[in-house]
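One letter stands for each residue in the lines below.
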Amino acid sequence: MTHYFQRLKSVVTIVFFVAVVSSCSEKRKVNNPVANTSVIDSIITIPLDKRTDFLARSSFVYRAGGVEYIVRVNELTNQLQLYNRGKLAAKISFKADGPNGIGSILSAHIISMDSILVLPKYRTKMYLADSTGHVYKTFSLDPAKMINGFYGFIVSNSKTPILKFENKLYVEVTQFYEACDLKNVSPVAAKIAEIDLKNETIRNIVQLPEEYAGKFWDMDILDDVSYALIPEKRMLYISFPASPHIYQYNIDTGEILKKRLGTPNIKLVEPYTELVCAEQASDDRKTNKILDLSYYGFCGYSQKQRLFYRFYHLPGNTDPIKPENNNPPTRLAAHRVGVIIASTELEVLAEVLLPNNTFNAYDYFVTDDGLWLSHHSPFNKKLKEDEMKFSLIKVRQ
């Protein structure tokens, strides 16, 4: 892996001093005690063709023969694109229609090149395919037959990858939430599910935590979750936007523990008031208040580095948002983003507050080297659309 990224960095390797100075300056303003123990280390740049976007909703890492591949879902072409050493190594294409069609690809998990799990958009089924895109098995996971709960459909993206651990899969499932409805928090409304492919069953294992109960929440807060597998502990570490805690799900026992992993930059994740809910309802959610909120985000884990990452989002600046671009992704990207870096015991090792208008906190991947963040913020005007650019965030040794 080290050799792989040394070669990858040979494409473009830059020590990103400007970002470090900027982020450290901001952290001093918020009195961050660990500001000087993290750095934004190096940059990789990967050229793209005209049929590939510089952003991907779903991105994950596949390891084979000691080599790591960055896998990106290309929704435009219904493909998985595998990158190695800064170059496109392979494309795996799937048909949308016909007897071998899967619809529109949302995410995937590569077990091997002959065994690729594919998740289509807005479905309650998964497919097993090979590297030619041939589908040879369909798993139908009827929501009405969910064990110990109910769900709407299976979803997956970079923050909620399809995780395979031994003989089980772990996936995010979503509900049909109603904004500001106190009934959203239910012990049978699944948020994370366990799938047994052998028996073709799906089981509710994690719901919204009790911290959500009895409060009015924004739809983006309700509909969000992130998790990471910590294989040596046989646990899922789970991040909910409204909670300063990480929830630790024990795969063997089903027990859920929680431990605080917050930031002094967020005193409290505020729910909506009844007045705001009334405004939302009367204006058909056009007056979305998410920019006014602070909340927690993505979490991920690098097993080789033994580092756990958690994002947080501070209230955004509406100044750069033009009326024609006033949509949810743009509003979310306007938030100021910080990254907490912790041990597997959830002891904070470092924290970095990222510079404004530089990174996209919704496009990233975690490798053996650590966390890589996309530079393609919608407010970053310096970048080209024919390349992907990522920075590695590391702990200063």
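You'll find the structure just up there.
Anyway, here's the lowdown on the structure attached to this text. (Residues numbered from 1 in each chain as written. Predicted model: local features only at pLDDT ≥ 70, side-chain atom pairs only at ≥ 80, totals over all residues. Heavy atoms only, no water.)

### Notes on the pattern of salt bridges
A side chain with one charge may pair with a side chain of the opposite charge, provided their charged atoms come close.
Okay, so step 1: According to the stated counting rule, one finds 18 salt bridges in the structure shown.
Okay, so step 2: In this structure, Lys159 engages Asp224 in a salt bridge whose closest nitrogen and oxygen atoms are separated by 2.8 Å. Taken together, the positions of Lys159 in the loop between β10 (153-155) and β11 (163-165) and Asp224 in the loop between α3 (219-222) and β15 (226-230) put the pair 65 residues apart, joining distant regions of the chain.
Okay, so step 3: Given a relative accessible area of 13%, Lys159 falls into the buried group.
Okay, so step 4: According to the relative accessible area criterion, Asp224 is buried, its value standing at 14%.
Okay, so step 5: Taking the shortest distance from any N to any O, the salt bridge between Asp252 and Arg234 comes out at 2.7 Å. Of the two residues, Asp252 sits in the loop between β17 (245-250) and β18 (256-260) while Arg234 sits in the loop between β15 and β16 (235-239), which places them 18 residues apart along the sequence. (Salt bridge = Lys/Arg side-chain N within 4 Å of Asp/Glu carboxyl O. Helix = DSSP H or I, 4+ residues; strand = E, 2+ residues; numbered from the N terminus. Buried < 20%, exposed > 50% of the residue type's maximum accessible area, 1.4 Å probe, protein only.)

### Overview of the nonpolar core
Okay, so step 1: Counting 50 residues, the largest nonpolar core has Ile192, Tyr212, Ile221, Leu236, Ile238, Phe240 and Phe308 as the members making the most contacts within it.
Okay, so step 2: Among residues more than four places away in sequence, those in contact with Leu236 are Leu163, Tyr170, Ile192, Ile205, Ala228, Leu229, Tyr247, Gln248 and Tyr249. (Core = buried A, V, L, I, M, F, W, Y, C linked by side-chain atoms within 4.5 Å. Contact = heavy atoms within 4.5 Å.)

### With respect to the sheet that holds β18
Through backbone hydrogen bonds, the strands of a sheet pair up, either in parallel or in antiparallel fashion.
Okay, so step 1: Taken in spatial order, the four strands make up an open sheet running β15-β16-β17-β18, and their pairing is antiparallel. Looking at which strands have only one partner, the edges of the open sheet turn out to be β15 and β18. Across the sheet, the axes of successive neighbouring strands diverge by a mean angle of 25°, strand direction being ignored.
Okay, so step 2: Sheet topology note: the β16/β17 ladder contains five bridges and is antiparallel. (Pairing = 2+ DSSP bridges. Axes fitted to C-alpha atoms, helices over the stretch in contact; angles between N-to-C directions.)

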